[in-house]
Amino acid sequence: MKALLPLFLLLILSIPAFSQTQIKGKILNKAQGTPLEFASVAVYLASDSSLVDGGITDLDGNFSVEKLSPGTYYLIASFLGYSSRTFSGIQLERNQKLDLGTISLEIDAQNLQAVDVQGQRISTDFRPEKQSFSAENFESAQGGTATDVMKNLPGVSINGEGTLSIRGSSGYVVMINGRPTQGDPMMLLGQLPANSIEKVEWLSAPGAQYDSEGKAGIINISTKKGATDGLYLQMNGRLGFPSIENYDNKAGQQRYGADFNLNYQKGKWDFSLGASYQRNDQSGRRVGNVYTIDGDTTTYFPSDGERSIDELNYSGRFTLGYNPNAANSFSFGVYAGVRDRVRTADILYYDNHQEYQGGESPPFQYFNANDQNRRGDFALGSLDYTHSFGNGGKLSTSFLYEYSLLGGPTTNRNLGYPDLSIVYQDEYNTNDNPLNGFRYNLDYTFKPSSLGDVQIGYQYRFLDHFGDFLYERKNNETGIWEIVPEFSSEVDLKRIIHTGYLQWNKKKDKWSYSAGVRTEFMDRTFELQDKAGLIDTTYLYDYIQPFFSGNISYKKNEDLTWKLNFTQRVERETTFKMTPFPEREHSETLEQGDPTVLPEFINTLEAGMIKTWKDNSFFATAYYTQVENLVNRVNTVYNDTILNRIYSNVGTAKSIGVELGTELFFTEKWKGYFGGNVYRYSIQGEFDKRPVNQAAWVYSYNFNTTYNFTKTLSSQFTLNYLSKRVTAQGEDSRFYQPSLNIRKTFLDGQLALNLLWQNIDMGLLKSNEQRITTWRTGEFYTTTNYIYEVDMLILNLSYTINRSKNRAKFVKSEFGEKEF
């Protein structure tokens, strides 16, 4: 894969740099001085007003219309809800390059309020550099979170634990309104209300100006924004009906919540306030069987019981923006909240016995009462500043600080059965993990004549994550809790990263191309000490690593574009995956990390095409990804009835596949969307001096179809499917979730009512169910079927004041959510 890099860069640099006729400029919102993305530019011949060419602006509001013949033209710049501007008498000579500079568009409130969209809206925008998806078109996600939006995207799959993967990888970076975060993606996505999201963008091969983290690239979530001054307020309520299938769980499930987003904009000031409170319990059951082998003795311990989740999230957010003029903008934000999740696993081990040469032991049964509470209290703040220069340059800087207190206890009690008053073992382990982290960015963009855009920047990041892990076992004779030193420890992870980058972007006629390099210096110190004072060790690791990227696209015509991308990325370890002291997850399971675990290094090459016709669109991308130092969860035998899960490097993973997506409008009232991904996945390496060699085909697809019965009544059916796939020591079964949503709007769209039937099953489909199996020949075999709640009915109610005026944007977590 590394040999492909010089060839790729040579291909970029070999594209001819011929001269051309060009009109370019930048379109801004006049009131705020901010760029307008997707604004339209049309060039007409002055003699007969015939349309010659056109285009739309990029993220920074820039546009370029090229390869125009000499002559006289006029240009119209326009954007929905704004007054258009016309530039007449444009005289072009051969090879002339005309820069119109900054074009400021004024808000036309009357025009904005008169907009009435008939039929279906286009919900996708496929581009060579990214794919964009409108959140409001995924009706089944309304009232939920960003996770419910994300799982409908092409190449994205969700498993039984609710973890999202892109091209089979759960490693990706989440950005909120273009601001990068380093929190755990699932925690970030699970906190953000779906109702506050305008669109989701996926960058599968980001340039050097973006963070190098994330095996599968970057997800950018844009919160809703509007165009006019004034007050915007959206309030959402959510209520779940009683569970249809409770699986005999000891407590009933509760599902309810509310959130609001308030935005007030007046002239140079922009104020946003938001809060969310969500209770989202889920019933469930698990059925498992495990056996271990020691010589001629095989120990069996099958199990069956409850596996439910009680989850509570509440948070508050505040942002203040100030734009003194078109050249400067300031933004200050704070975010604080609590995330509290309790996983209950009350399991009956009903037939524990051993088989050995010449006979077997009598069966033994016991009941394991296990509760794991994971809680995170957090507070963070950010300050951002951007200055735009008259020559098209831009300087931006940002600072983010975060404090988090992560932790929570796990109780594990092995009791008699059916007499639960008998206590065989009573254990308690807890941990406190205060985290301090901050990040500083400095970025500068300039345009040296005809060479294109050049971006340079520097980033500094610091993380200090301390952990105090205490494991106690009750002495059944004395009733005193005693420390178990081999499971108790203190750890401290410090990580410093210095980064510099250089990115170059250029457009010539139908070609667009870019190249960049991002160089990182990382210094990692990991200190650990056990409670008995027998272990006091410091692990050091550092690297200086360049990460290269490049993109080429060719727009054959208005309807067809080809692309070729290359990127190098990294996936860094978390404290959880480095702590070597075991934690008791279940009666049969310990879990620990590896203090010597190495970061994963990723190379990705992709080629594809984008086709549009009328309102329909289609894309297809072939890709190859190689991951060095792959981290997987693997098992070893701790004793005859306990397995030890370890996160460790297991070798090299390779994926070669193709993903595609299409949005089709069958009629004015009926449209469908389909996204799919199929790839060959292989793992080669070794763990614990044993070879790892696994390979299989994997596929996933997401499908939804929407039908508008009237302008105020619609329905949407959604299906998310993930096939069986291999792991380092076994396989995970297929997993799928069908859902149906009915939506009714009132008061000219201000009030919306959604009734969601989630995880449709009816006792027939085995929806929301997944089996996880691992084995090691001659040592152990384990298989567990996780059965999650089905046929959930949820009612969502949303009321919006001044729908067109929302532009609420909030700061998001940088460090702590990744550890949570």
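Preceding block: the structure.
Residues numbered from 1 in each chain as written. Predicted model: local features only at pLDDT ≥ 70, side-chain atom pairs only at ≥ 80, totals over all residues. Heavy atoms only, no water.

(A) Fine view of the pattern of salt bridges. Here the structure, examined in full by the defined rule, presents 27 salt bridges. Ionic pairing is found between Asp281 and Arg279, a salt bridge with its closest N-O pair at 2.7 Å. The class for Arg279 is buried, based on a relative accessible area of 16%. A salt bridge links Arg286 to Glu588, with the nearest nitrogen and oxygen atoms 3.4 Å apart. Highlighted residues: Arg286 in strand 19 (residues 284-294) and Glu588 in the loop between strand 34 (583-586) and strand 35 (589-592), separated in sequence by 302 residues. Residue Arg286 is classed as buried on the basis of its relative accessible area, which comes to 2%. Judged by its relative accessible area of 6%, Glu588 falls in the buried class. Through salt bridges with shared partners, a single network forms among Glu213, Arg461, Glu520 and Arg572. (Salt bridge = Lys/Arg side-chain N within 4 Å of Asp/Glu carboxyl O. Buried < 20%, exposed > 50% of the residue type's maximum accessible area, 1.4 Å probe, protein only. Helix = DSSP H or I, 4+ residues; strand = E, 2+ residues; numbered from the N terminus.)

(B) Region of the structure containing the nonpolar core. Within the largest apolar cluster, 21 residues are counted, with the highest numbers of intra-cluster contacts made by Met150, Leu153, Ile166, Tyr172, Val200, Ile219 and Ile221. If near-sequence neighbours (up to four positions away) are discounted, Leu153 is found in contact with Phe133, Phe138, Val200, Tyr673 and Asn702. (Core = buried A, V, L, I, M, F, W, Y, C linked by side-chain atoms within 4.5 Å. Contact = heavy atoms within 4.5 Å.)

(C) Fine view of a nonpolar patch on the surface. The grouping of Trp269, Leu320, Phe332, Val334, Leu383, Phe399, Tyr401, Tyr403, Leu405, Tyr440, Leu442 and Tyr458 at the surface amounts to a nonpolar patch, some 1,000 Å² of accessible area in total. Those elements that provide at least two residues to the nonpolar patch are strand 22 (328-356), strand 25 (394-407) and strand 27 (423-446). The dominant element in the nonpolar patch, judged by the number of residues it contributes, is strand 25, at 4 residues. Positionally, Tyr458 belongs in strand 28 (residues 453-474). (Patch = residues over 30% accessible without salt bridge, like charges linked within 9 Å, V, L, I, M, F, W, Y side chains within 5 Å. Areas by Shrake-Rupley, 256 points an atom, 1.4 Å probe, with all protein chains shown as cover.)

(D) Spotlight on the sheet that holds strand 4 (residues 62-66). Strand order in the open sheet made by the 3 strands is 4-1-7, with mixed pairing throughout. A single partner strand is all that each edge strand has here, and the edge strands are strand 4 and strand 7 (97-105). With strand direction ignored, the average angle separating the axes of adjacent strands in the sheet is 20 degrees. Pairing analysis gives 5 bridges linking strand 1 (residues 22-29) to strand 4, with the strands arranged antiparallel. Considered in strand 4, the bridge of Lys24 is made with Ser64. (Pairing = 2+ DSSP bridges. Axes fitted to C-alpha atoms, helices over the stretch in contact; angles between N-to-C directions.)

(E) A look at the packing of aromatic side chains. For the structure shown, the criterion picks out 33 aromatic pairs. Ring centres of Tyr291 and Tyr300 lie 5.4 Å apart, and the angle between their planes is 50 degrees; on these two criteria the pair is classed as tilted. (Phe/Tyr/Trp six-rings, centres within 6.5 Å; stacked < 30°, edge-to-face > 60°.)

(F) Representation of the pairing of strand 18 (residues 269-280) within the structure. Relative to strand 18, strand 17 (residues 255-266) runs antiparallel, the two being bridged by 12 bridges. Bridging across to strand 18, Phe260 finds its partner in Ala275. Hairpin connection, strand 17 to strand 18: the antiparallel pair is bridged by 2 residues, and Gly267 has positive phi, about 60 degrees. The pairing of strand 18 with strand 21 (residues 303-325) spans 11 bridges and is antiparallel. What sits directly across from Leu273, in strand 21, is Phe318.

(G) Main features of unusual backbone geometry. A cis amide bond links Tyr417 to the next residue, Pro418, at an omega of 10 degrees. One can find Pro418 in the loop between strand 26 (410-415) and strand 27. A positive phi is found at Asp248, a non-glycine position, where the angle reads about 60 degrees. Mapping Asp248 onto the fold places it in the loop between strand 16 (230-240) and strand 17. Accessibility expressed as a relative area gives 76% for Asp248, which makes it exposed. Unlike most non-glycine residues, Asp748 shows phi in positive territory, near 60 degrees. Tracing the backbone shows Asp748 in the loop between strand 44 (735-746) and strand 45 (751-758).

(H) Seen up close, the sheet that holds strand 3 (residues 51-56). Here 4 strands make up an open sheet; going across it, the order is 3-2-5-6 and the pairing antiparallel. Each edge of the open sheet carries a strand with a single partner, namely strand 3 and strand 6 (85-92). Each adjacent strand pair in this sheet contributes to an overall mean axis angle of 20 degrees, direction not counted. Across 5 bridges, strand 2 (residues 40-45) lies against strand 3 in antiparallel orientation. Across the sheet, residue Ser40 finds its bridge partner in strand 3, namely Ile56.

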